[in-house]
Amino acid sequence: MTNEISVVIAGPRGKMGREAVKLVEQTEGMKLSAVIDRQYNHNQLSDLEGFNSDAVIYTSPEECFTTVKPDVLVDLTTPETGYLHAKTALLNGVRPVIGTTGFTQTELEELKELSKENQLGTIIAPNFAIGAILMMKFSQMAAKYFEDVEIIEMHHDQKLDAPSGTGLKTAEMIKEQRASKQQGHPDEKETVTGSRGGDIDGIRIHSVRLPGLVAHQQVMFGGEGQLLTIKHDSHDRGSFMSGVKLCIHSVMNLQELVYGVENIID
Ligand SMILES: NC(=O)C1=CN([C@@H]2O[C@H](COP(=O)(O)OP(=O)(O)OC[C@H]3O[C@@H](n4cnc5c(N)ncnc54)[C@H](OP(=O)(O)O)[C@@H]3O)[C@@H](O)[C@H]2O)C=CC1
Ligand SMILES: O=C(O)C1=N[C@H](C(=O)O)C[C@H](O)C1
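Scoring rules and cut-offs
Residues numbered from 1 in each chain as written. Chains lettered and ligands numbered in written order. Predicted model: local features only at pLDDT ≥ 70, side-chain atom pairs only at ≥ 80, totals over all residues. Heavy atoms only, no water. pLDDT = per-residue confidence, 0-100. 1 Å grid on protein atoms, 1.4 Å probe; cavity = no way out; pocket = protein on both sides within 12 Å on 5 of 7 lines; lining within 4 Å. Points joined across faces, edges and corners; volume = space filled by probe spheres on them. Helix = DSSP H or I, 4+ residues; strand = E, 2+ residues; numbered from the N terminus. Nonpolar A, V, L, I, M, F, W, Y, C, P; charged D, E, K, R; others polar. Pairing = 2+ DSSP bridges. Axes fitted to C-alpha atoms, helices over the stretch in contact; angles between N-to-C directions. Contact = heavy atoms within 4.5 Å. Polar contact = N/O pair within 3.5 Å; in protein donor to acceptor, adjacent residues only side chain to side chain. UniProt positions renumbered as here; feature names shortened; annotations may be inferred. Buried < 20%, exposed > 50% of the residue type's maximum accessible area, 1.4 Å probe, protein only.

## Observations concerning the confidence of the model for the protein chain
Then comes step 1: In this model, the protein chain carries a mean pLDDT of 97, and residues with pLDDT of at least 70 account for 99%.
Then comes step 2: As scored by the predictor, the complex reaches a pTM of 0.97 and an ipTM of 0.99.

## Topic: the layout of surface pockets
Then comes step 1: Computed from the structure, the largest pocket encloses a volume of approximately 1,000 Å³.
Then comes step 2: Breaking the lining of the largest pocket down by element, the ones donating at least two residues are helix H1 (15-26), helix H3 (79-91) and helix H6 (165-177).
Then comes step 3: In terms of residue class, the lining of the largest pocket is built from twelve nonpolar, 19 polar and seven charged.
Then comes step 4: Approximately 240 Å³ is the volume found for the second largest pocket.
Then comes step 5: Gly102, Phe103, Leu108, Leu168 and Tyr259 are, among the 19 residues lining the second largest pocket, the residues nearest its centre.
Then comes step 6: Looking at the lining of the second largest pocket, the elements with two or more residues in it are helix H4 (105-117) and H6.
Then comes step 7: For the lining of the second largest pocket, the element with the most residues is H6, which contributes three residues.

## As for the sheet that holds strand E1 (residues 5-10)
Then comes step 1: Reading across the sheet, the seven strands line up as E3-E2-E1-E4-E5-E6-E12 and stay open at both edges, with parallel pairing between neighbours. Edge positions in the open sheet fall to strand E3 (56-58) and strand E12 (257-259), since each of these has one partner strand only. Neighbour-to-neighbour, the strand axes of this sheet turn through a mean angle of 25 degrees, independent of strand direction.
Then comes step 2: With three bridges joining them, strand E6 (residues 122-124) and E12 adopt parallel strand pairing. Within the sheet, the bridge partner assigned to Ile123 lies in E12 and is Val258.

## Considerations on the side chain of Gln140
Then comes step 1: Relative to the assigned elements, Gln140 resides in helix H5 (residues 130-142).
Then comes step 2: Apart from the residues lying within four places of it in its own chain, the contact partners of Gln140 are Met173, Ile174, Glu176 and Gln177.

## Quick notes on the environment of Ser234
Then comes step 1: Looking at the secondary structure, you find Ser234 in strand E11 (residues 226-234).
Then comes step 2: Between the alpha carbons of Ser234 and His216 there is a distance of 6.1 Å; along the sequence they are 18 residues apart.
Then comes step 3: If we ignore the near neighbours within four places in the chain, the residues touching Ser234 are Ala129, Val214, Ala215, His216, Ser239 and Phe240.
Then comes step 4: Polar contacts involving the side chain of Ser234 include one to the side chain of Ser239, which spans 2.9 Å.

## Describing the sheet that holds E11
Then comes step 1: What the five strands build is an open sheet, ordered E8-E9-E7-E10-E11; its pairing is mixed. The open sheet has two edge strands, strand E8 (198-200) and E11, and neither has a second partner. Ignoring which end each strand starts from, the neighbouring axes of this sheet average 20 degrees apart.
Then comes step 2: Relative to strand E9 (residues 203-209), E8 runs antiparallel, the two being bridged by three bridges.

## A closer look at the UniProt feature "binding site: (S)-2,3,4,5-tetrahydrodipicolinate" (unreviewed entry) in the protein chain
Then comes step 1: Mapped onto this numbering, the UniProt entry annotates "binding site: (S)-2,3,4,5-tetrahydrodipicolinate" (unreviewed entry) at His156, Gly165 and Thr166. Those annotated residues that line the largest cavity are Thr166.
Then comes step 2: Position of His156 relative to the elements: it lies in the loop between strand E7 (148-155) and H6.
Then comes step 3: We classify His156 as buried; its relative accessible area is 16%.
Then comes step 4: Once residues lying within four places of it in the same chain are set aside, the contact partners of His156 are Lys15, Arg209, Leu210, Leu213, Val214 and Arg237.
Then comes step 5: You can see Thr166 is positioned in helix H6.
Then comes step 6: Judged by relative accessible area, Thr166 falls into the buried class, the value being 6%.

Here it is in structure tokens:
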């Protein structure tokens, strides 16, 4: 009989997945029981360069969950795959911790329902870094006093989704705080489509993608004669790992879906 949390990681060869594999392997009380990868079915992770874990690789999430029966799935893949993995996990008694971003509102709602029906915790974490979570919370606070705000999120050029999960969540949190407003001049016109960025209830959001970046965001509030900028930078993916660890522990005690790590740190 062991009290270890049995964890499966999907996307172990990815930039985040590699860090998460190290984290789980190095954390007392957690065991990396298997990984889900679209290649290398039934190999051991240690067959791949850079890994020394004896965790077995599965290409089929269903086979993985029914064979291994883990407690938690940590997904760090792509939007379509992450959604399928989360759904399959919930249907097989496994609690998802989802770092993957880019889910649609309908997908989020569906996972919320499934989580509730199965009384299994799920955490959807647009950003695991404590600094980014605070940036979102501070922005929500500031929105009470400044109604004009624009978000600039900046990421590496391999990112698939735009805007980022963090940018979207920041806008949603600000929206909860401020009255709806269309910003800028009422007659403004874009002479180049997209110049004013995305529009979330009047909040403008701009996505920058450049090699050399990791994950960065600034939230700019403008008022009479003043500008408030709230900014966060992740310079490397180690910044996300304490949040991943917290979520693996927290999801064990949840019976429903929680969207945003800010809801579990308080
Ligand atoms: N919540 C947070 O704090 C953070 C979230 N993220 C999010 O995590 C996700 C992963 O990011 P990152 O590690 O940078 O991305 P990478 O592209 O480096 O890694 C993605 C991994 O997913 C695998 N993958 C892709 N498609 C499939 C598929 N169809 N089935 C199974 N596996 C698949 C890839 O395998 P292959 O090599 O075969 O393509 C790869 O190993 C993104 O959604 C990103 O936005 C990132 C950082 C922080
Ligand atoms: O793809 C990334 O890299 C990141 N994705 C997340 C997001 O979409 O907000 C979190 C962080 O910004 C890094």
